[in-house]
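Close look at the chain arrangement
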Amino acid sequence: MHGPDRFELSSRLWRAIDHAEAGRDSAAVAVCQLIERGDEEGARLTLDRLFQPANAKYDELMARVSTLVKSWKEELEQPR
């Protein structure tokens, strides 16, 4: 088998997901704090520049995990 094994691959993906989730959460907190202070422009900019890209990365990584799990499940269900 070439490349990382399933355990290593899934570990890397989950670490990347944790990192993306932390970035998304931090951006969401920043947006809320700006809204509470009445800084709507700052909140909008933070939403556009930080939250939305972090959220998109998180969604992309979760989709990759879902695809991998589905393929692994299908592989296990194949008759030998």
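Since the structure is predicted, the reported quantities are computational estimates derived from the model, not experimental observations.

This brings us to the overall build of the protein chain. Along the backbone of the protein chain there are two helices and zero strands. The C-alpha radius of gyration computed for the protein chain amounts to 18 Å, which surpasses the reference 12 Å derived for 80 residues by more than 25%, pointing to a less compact arrangement than a globule. Across its three principal directions, the C-alpha atoms of the protein chain cover 65 × 20 × 15 Å. When the 80 residues of the protein chain are sorted by exposure, 21% land in the buried category. Accessible area of the protein chain: about 6100 Å², with a carbon and sulfur share of 56%. Looking at the protein chain, you have 12 positive and 15 negative side-chain charges, and the mean spots of the two groups are 6 Å apart.

A word on helix α1 (residues 6–36). Here α1 contains 31 residues, and its C-alpha end-to-end distance of 44 Å stays within 8% of the 45 Å for a straight helix at 1.5 Å per residue. The set of residues buried in α1 consists of Ser10, Ser11, Leu13, Ile17, Ala20, Arg24, Ala27, Val31 and Leu34. Taken together, the buried residues of α1 touch α2 (40–77). Its side-chain oxygen at 3.3 Å from the backbone nitrogen of phenylalanine 7, aspartate 5 defines the N-terminal cap of α1. One or two residues past the end of α1 sits glycine 38, with phi positive at roughly 85 degrees.

Next up on the list: the pattern of salt bridges. If charged atoms from side chains of opposite charge come close, those side chains can pair. Within this structure, the stated rule accounts for nine salt bridges. Residue aspartate 48 is joined to arginine 44 by a salt bridge in which the shortest nitrogen-to-oxygen separation is 3.0 Å. Here arginine 44 and aspartate 48 lie together in helix α2, a separation of four residues that amounts to about one turn. For aspartate 48, a relative accessible area of 33% gives the class partly exposed. Here arginine 44 falls in the partly exposed class, since its relative accessible area comes to 40%. A single salt-bridge network, built from bridges that share partners, covers Glu8, Arg12 and Arg15.

Conventions and cut-offs
- Residues numbered from 1 in each chain as written.
- Predicted model: local features only at pLDDT ≥ 70, side-chain atom pairs only at ≥ 80, totals over all residues.
- Heavy atoms only, no water.
- Helix = DSSP H or I, 4+ residues; strand = E, 2+ residues; numbered from the N terminus.
- Rg over C-alpha atoms; globule rule 2.2 N^0.38 Å.
- Buried < 20%, exposed > 50% of the residue type's maximum accessible area, 1.4 Å probe, protein only.
- Areas by Shrake-Rupley, 256 points an atom, 1.4 Å probe, with all protein chains shown as cover.
- Lys, Arg positive; Asp, Glu negative; His and termini not counted.
- Charge placed at Lys NZ, Arg CZ, Asp CG, Glu CD.
- Expected span 1.5 Å × (residues − 1).
- Contact = heavy atoms within 4.5 Å.
- Polar contact = N/O pair within 3.5 Å; in protein donor to acceptor, adjacent residues only side chain to side chain.
- Salt bridge = Lys/Arg side-chain N within 4 Å of Asp/Glu carboxyl O.

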